[in-house]
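Single-letter residue listing:
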Amino acid sequence: MRNPVRSLFRQLAPSTIIDYFEELQGRIENLEKVIDTLIERPVYDHSASIALNQQHHRRAMFHELAAVEGMEMIVETGTWIGETAAYMATSTGLPVHTCELNPRYYQLAQKRTEAVSGITFNLADSRSFLHSIADRLTAAKRVFCYLDAHWYNDLPLKEEVQLIARYAQSFVIMIDDFEVPGDEGYKFDDYGPGKTLNRELLQTEINANDMGVFYPSIPSSQETGLVHGCIVLCSTDLKETLAGESTLSPA
């Protein structure tokens, strides 16, 4: 998300120092959240879930998209503490395949969700993970993908979208922390030049695969929770279907 102090720091500091402190800050922020989780909610509780940023409309979007006819599996990149994976598995009954790069988060997520069935955890970089499940993606009639593996200096988002479009026959992709044009109230991630989570970052992939593009249908002022923005992309065959969903607004 935009931060004036970070912007000034990027202008003045050498790139190697910037990269180091950006990653360090991300790790500290995540560690604090993990400690809070262990204190407040060590075991996943569906009735009190904080999944999908505690955003009511984001959850409504997810439920509409996961209910699209023919949806057979869910893929998540960036497991973190397992909250969203467990929420998606419990809410839909669909198999969830999720990956996490950090070994501590990977172990924590498994421990917190031991009572939740239908989740397959993977300790891997998101790109390697998507390659490893290529056969499953190809075999599935339709796949819902939730991309949230953008925490550090290495931003895998473009490659994630490329791989999903390459392997999946029919897909819906929801990307967290994404800029919603014309609504500054929705927070989004900005990791420096060429690494802002906005449509420009993915325009080549969108054009190459003739994807549909959608955003939340409500303004940020009506959203709850953390109010992070998102974008929804879909394969060509689903453009018309998603255009009729009440929670989405076509770009």
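Residues numbered from 1 in each chain as written. Predicted model: local features only at pLDDT ≥ 70, side-chain atom pairs only at ≥ 80, totals over all residues. Heavy atoms only, no water.

A short note on the environment of His46
The criterion, for reference: Counting from the N terminus, the helices are DSSP H or I runs at least four residues long and the strands are E runs at least two residues long. Only protein chains enter the area calculation, which uses a 1.4 Å probe; residues under 20% of their type maximum are buried, those over 50% are exposed, and those in between are partly exposed. The contact criterion used throughout is that any non-hydrogen atoms of two residues lie within 4.5 Å.
By the secondary structure assignment, His46 is in the loop between α2 (15-40) and α3 (56-66). Residue His46 is classed as partly exposed on the basis of its relative accessible area of 32%. In the structure, His46 is positioned 45 residues away from Ser91 in sequence and 8.7 Å away in space, judged by C-alpha atoms. For His46, the residues in contact, after removing those within four places along its chain, are Tyr87, Thr90 and Ser91.

Let's talk about the nonpolar core
The condition that has to hold: In these notes, a set of buried Ala, Val, Leu, Ile, Met, Phe, Trp, Tyr and Cys residues joined through side-chain atoms within 4.5 Å is what counts as a nonpolar core.
The biggest cluster of nonpolar side chains holds 38 residues, and the ones touching the most others in it are Val75, Leu157, Ile173, Ile175, Leu202 and Leu233. A total of six residues in this core trace back to one element, the largest contributor, which is helix α8 (residues 157-167). Within the second largest apolar cluster, 33 residues are counted, among which are Tyr44, Met88, Ala109 and Phe214.

Some words on the sheet that holds strand β7 (residues 230-234)
Put simply, the rule reads: Strands pair, by our definition, only if DSSP identifies at least two bridges between them. Every axis in this analysis is a line fitted to C-alpha atoms, fitted for helices over the stretch in contact. Angles between the N-to-C directions lie between 0 and 180 degrees.
Spatially, eight strands are ordered β3-β2-β1-β4-β5-β7-β6-β8 in an open sheet, and the strand pairing comes out mixed. At either end of the open sheet lies a strand with only one pairing partner, and these are β3 (119-123) and β8 (248-250). In this sheet, adjacent strand axes meet at a mean angle of 20° when their direction is disregarded. Here α3 sits on the sheet in contact with β1 (73-77), β4 (143-147), β5 (171-176), β6 (212-216), β7 and β8, set at roughly 165° to β5. The strands touched by helix α4 (residues 83-92) within the sheet are β1, β2 (96-100), β3 and β4, with β1 carrying the most contacts at an inclination of about 170°.

Some details on a nonpolar patch on the surface
Rule in force here: Without a salt bridge and with relative accessible area above 30%, a residue can belong to a patch; like charges are then joined within 9 Å and nonpolar side chains (Val, Leu, Ile, Met, Phe, Trp, Tyr) within 5 Å. Each accessible area is a Shrake-Rupley estimate made with a 1.4 Å probe; only the visible protein chains count as cover when residues are assessed. For salt bridges, the criterion is a side-chain nitrogen of Lys or Arg within 4 Å of an Asp or Glu carboxyl oxygen.
Among the surface-exposed residues, Ile17, Tyr20, Phe21, Leu24 and Ile28 lie close enough to one another that they form a single nonpolar patch of about 440 Å² accessible area. With respect to the helices and strands, the residue Leu24 is situated in helix α2.

Brief notes about the side chain of Asp183
Heads up, the condition is: Pairs of N or O atoms are called polar contacts if they sit within 3.5 Å, as long as, within protein, a hydrogen donor faces a hydrogen acceptor (for residues adjacent in sequence, only side-chain-to-side-chain pairs).
Its place among the elements puts Asp183 in the loop between β5 and α9 (199-208). At 3.1 Å, the side chain of Asp183 forms a polar contact with the backbone nitrogen of Gly185. Apart from residues lying up to four places away in sequence, Asp183 is in contact with Pro219 and Ser220.

Description of the pairing of β7
Counting buried positions along β7 yields five of five residues, so the element is predominantly enclosed. Here β7 shows two buried faces, one formed by Cys230, Val232 and Cys234 and the other by Ile231 and Leu233. As paired elements, β6 and β7 share three bridges and run antiparallel to each other. Opposite Val213, over in β7, you have Leu233 as the bridge partner.

Regarding the pattern of salt bridges
In total, this model carries nine salt bridges according to the counting rule given. A salt bridge links Arg142 to Asp237; its shortest N-O distance comes to 3.0 Å. On the criterion of sequence distance, the pair formed by Arg142 in the loop between α7 (134-139) and β4 and Asp237 in the loop between β7 and α10 (239-243) is long-range, its members being 95 residues apart. For Arg142, a relative accessible area of 13% gives the class buried. Here Asp237 falls in the partly exposed class, since its relative accessible area comes to 42%. In this structure, a network of salt bridges that share partners links the residues Asp125, Arg127, Asp154 and Glu159.

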